[in-house]
Amino acid sequence: MKFQSPNLMLSFYRAHGGVGSKHLMPAYDSGDEAENFQAVGMRLRECLVSFIGETTDESLVPDATSPPKKADFKGWMEHLANRLAAGDSSAKLRSYLKAISIETWSYTNGLTHAKNAARIDAEIALKMVEHLLGMFSAARLRHARLSVRCDSCQSYRVIAGVCEHCGWVDAEYVPHPQREISEDERARRLAEPCTPSSDISTFMTPNDFGG
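A brief structural summary. Please read these numbers as outputs of a predicted model, since none were measured by experiment. (Residues numbered from 1 in each chain as written. Predicted model: local features only at pLDDT ≥ 70, side-chain atom pairs only at ≥ 80, totals over all residues. Heavy atoms only, no water.)

### Some points on the overall build of the protein chain
Moving on, step 1. What the protein chain contains, in helices and strands, is seven helices and two strands.
Moving on, step 2. Along the chain direction, N to C, the helices and strands of the protein chain fall in the order α-α-α-α-α-α-β-β-α.
Moving on, step 3. Taking all 211 residues of the protein chain together, 34% fall into the buried category.
Moving on, step 4. Taking as baseline every contact in the protein chain between residues at least 6 positions apart, the subset at least 24 positions apart corresponds to 62%. (Helix = DSSP H or I, 4+ residues; strand = E, 2+ residues; numbered from the N terminus. Buried < 20%, exposed > 50% of the residue type's maximum accessible area, 1.4 Å probe, protein only. Contact = heavy atoms within 4.5 Å.)

### What to know about the nonpolar core
Moving on, step 1. Among the nonpolar cores identified, the biggest contains 30 residues, and Phe-51, Phe-73, Met-77, Leu-80, Leu-97, Leu-132 and Phe-136 are the most heavily contacted of them.
Moving on, step 2. For this core, the secondary structure elements donating two or more residues are helix 3 (34-55), helix 4 (73-84), helix 5 (91-111) and helix 6 (119-146).
Moving on, step 3. In this structure, Leu-97 is in contact with Ala-81, Ala-85, Met-135, Phe-136 and Ala-139, ignoring residues within four places of it in sequence. (Core = buried A, V, L, I, M, F, W, Y, C linked by side-chain atoms within 4.5 Å.)

### Quick word on helix 6
Moving on, step 1. With 28 residues, helix 6 should cover 40 Å at 1.5 Å per step; its first-to-last C-alpha distance of 41 Å lies within 8% of that length.
Moving on, step 2. Listed as buried for helix 6 are Ala-122, Ala-125, Leu-126, Val-129, Leu-132, Leu-133, Phe-136, Ser-137, Ala-139 and Arg-140. (Expected span 1.5 Å × (residues − 1).)

And the structure:
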């Protein structure tokens, strides 16, 4: 299930990388006509559809409920918001996540057809998508944080199954297995030139490294 995968944040960043200059600047800088900025809207819409493809699956859909169509961004984002911000205490966050999903999709989709689109319209759409992805990333981190809590003192300071506050040990904690890589692969990765963070379109997680 994609939502429960420890690499979910990697999926978020894959989609977020699609918003970066490497992918959008050719369209953004190709001219000052409306069609150039409409093209930015199309790229952003593709990014949003890719985002749900990377981060959602049928595990988010309640039983006896039909899943949304594959490219139904608003439908899948509603289910994702319900999972990331479940319960009464998260009602305001859940409502906000759903609202920005609807408005961001509506704005970017409208930009693709806007005959009078200007550069500032493309800039607004870009900022809206960046904000949406950032908010869902933060909600995912919050969800993970709230789901790990000490059974004894209710502290959130539980690291690797051990409460740093009172020493409680989670008997059910199982560390995520590390993926081993060969020495040749390690050497190849270390030999590759450093890539500026502004050009990164795919982030790696600690689970991608052995040792």
